[in-house]
Amino acid sequence: MQNKFLGTGQRGFHPLRKMRVALSGARYAVLHDFAVAYKAVLSTLILLWCFWYRQWLDFNMVLLATGLMLVAEMFNTTIEALCDFLEPKKNEKIGIIKDIAAAAAGISILIWWIIFLLEAVHVWQGIQG
C-alpha cells in the first residue's frame, strides 16, 4: 500500500477491490472456521427476528456484538495461523502470543453470548405471550 505522506510503497487497491478482498476473506472464514460459521448463523437468526418485529435497539446491539465477535475471531484465527507459519515448532513466546489472541476472542465471545442469550430470552417471551 502506498503511503500518502511519504510517497513510498506500491499504489493501493481500488475501494471496490478492497471490498471484494474483504468479502472473500469473510467467506473463507465462514466456510473454513466452524467457530465463525455457527456464530454467524445464530446471530443472523436473532437479527432477522429483531428486524421482523422492529426491535431496532435489540437489532443494533446484536449486530454490534456480532460484528465485534466475528472480527475478534478472525483476528485470532489469523494470528494463530501466522504464528504457526513463522514458527512451526513449539515456542513458549509464540504460545503466549496465541494465548493472548485467544483471550481477546474469548472476551468478545463472552459478551456476544450474554447479549445473544438476553435477546433469545426476549424472543422466547415474545413467542410465549
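Structure shown above.
Now for a quick tour of the structure. (Residues numbered from 1 in each chain as written. Predicted model: local features only at pLDDT ≥ 70, side-chain atom pairs only at ≥ 80, totals over all residues. Heavy atoms only, no water.)

**Some remarks on helix 2 (residues 34-52)**
How we decide: Each helix is a run of H or I in the DSSP string that is no shorter than four residues. Each strand is a run of E no shorter than two, and both are numbered from the N terminus. By this rule the span expected of a helix is its residue count minus one, scaled by 1.5 Å. Contacts between residues were defined by any pair of non-hydrogen atoms, one from each residue, lying within 4.5 Å.
In this model, helix 2 (19 residues) spans 27 Å end to end at C-alpha, consistent with the 27 Å of a helix rising 1.5 Å per residue. The secondary structure elements touched by the buried residues of helix 2 are helix 1 (15-32), helix 3 (56-86) and helix 4 (92-128).

**Some words on the packing of aromatic side chains**
The test is simple: Stacked, tilted and edge-to-face are the three classes applied to pairs of Phe, Tyr and Trp rings, where Trp contributes its six-membered ring and a pair requires centres within 6.5 Å; stacked means planes under 30 degrees apart, edge-to-face means over 60, and tilted covers the rest. Three exposure classes are used, based on accessible area relative to the maximum for each residue type with a 1.4 Å probe and protein chains only: buried under 20%, partly exposed in between, and exposed over 50%.
In total, this model carries four aromatic pairs according to the counting rule given. An angle of 65° between the planes, with centres 5.0 Å apart, marks the rings of Trp 112 and Trp 113 as edge-to-face. Given a relative accessible area of 30%, Trp 113 falls into the partly exposed group. Taking the centre distance of 5.7 Å and the plane angle of 90° together, the rings of Trp 113 and Phe 116 count as edge-to-face. One end of the pair, Trp 113, and the other, Phe 116, are both in helix 4, three residues apart, so they sit about a helical turn from each other. Residue class for Phe 116 comes out buried when judged on its relative accessible area of 10%. The structure contains a cluster of three or more aromatic residues connected by ring pairs, namely Trp 112, Trp 113 and Phe 116.

**Here's the deal with the nonpolar core**
What counts is decided by this rule: Grouping buried Ala, Val, Leu, Ile, Met, Phe, Trp, Tyr and Cys residues that are joined through side-chain atoms within 4.5 Å yields what is termed a nonpolar core.
Judged by nonpolar contacts, the single largest core of 16 residues is most densely connected at Ile 46, Cys 50, Val 62, Met 69 and Trp 112. Of all elements in the fold, only helix 2, helix 3 and helix 4 reach the threshold of two or more residues within this core.

**Let's talk about the environment of Thr 77**
As for its placement among the helices and strands, Thr 77 is situated in helix 3. Residue class for Thr 77 comes out partly exposed when judged on its relative accessible area of 35%. Sequence separation between Thr 77 and Asp 33 is 44 residues; the distance between their C-alpha atoms is 8.4 Å.

**Some thoughts on the pattern of salt bridges**
Note the threshold: Every case where a carboxyl oxygen of Asp or Glu lies within 4 Å of a side-chain nitrogen of Lys or Arg is listed as a salt bridge.
The final tally for this structure, using the stated rule, is two salt bridges. One salt bridge connects Glu 73 with Lys 39, and the closest N-O pair in it is separated by 2.8 Å. Note that Glu 73 is positioned in helix 3 and Lys 39 in helix 2, a separation of 34 residues in sequence. Side by side, Glu 73 and Lys 39 carry an identical accessibility label, which is buried. Among the ionic pairs, Asp 84 bridges to Lys 98, the shortest N-O distance being 2.7 Å.

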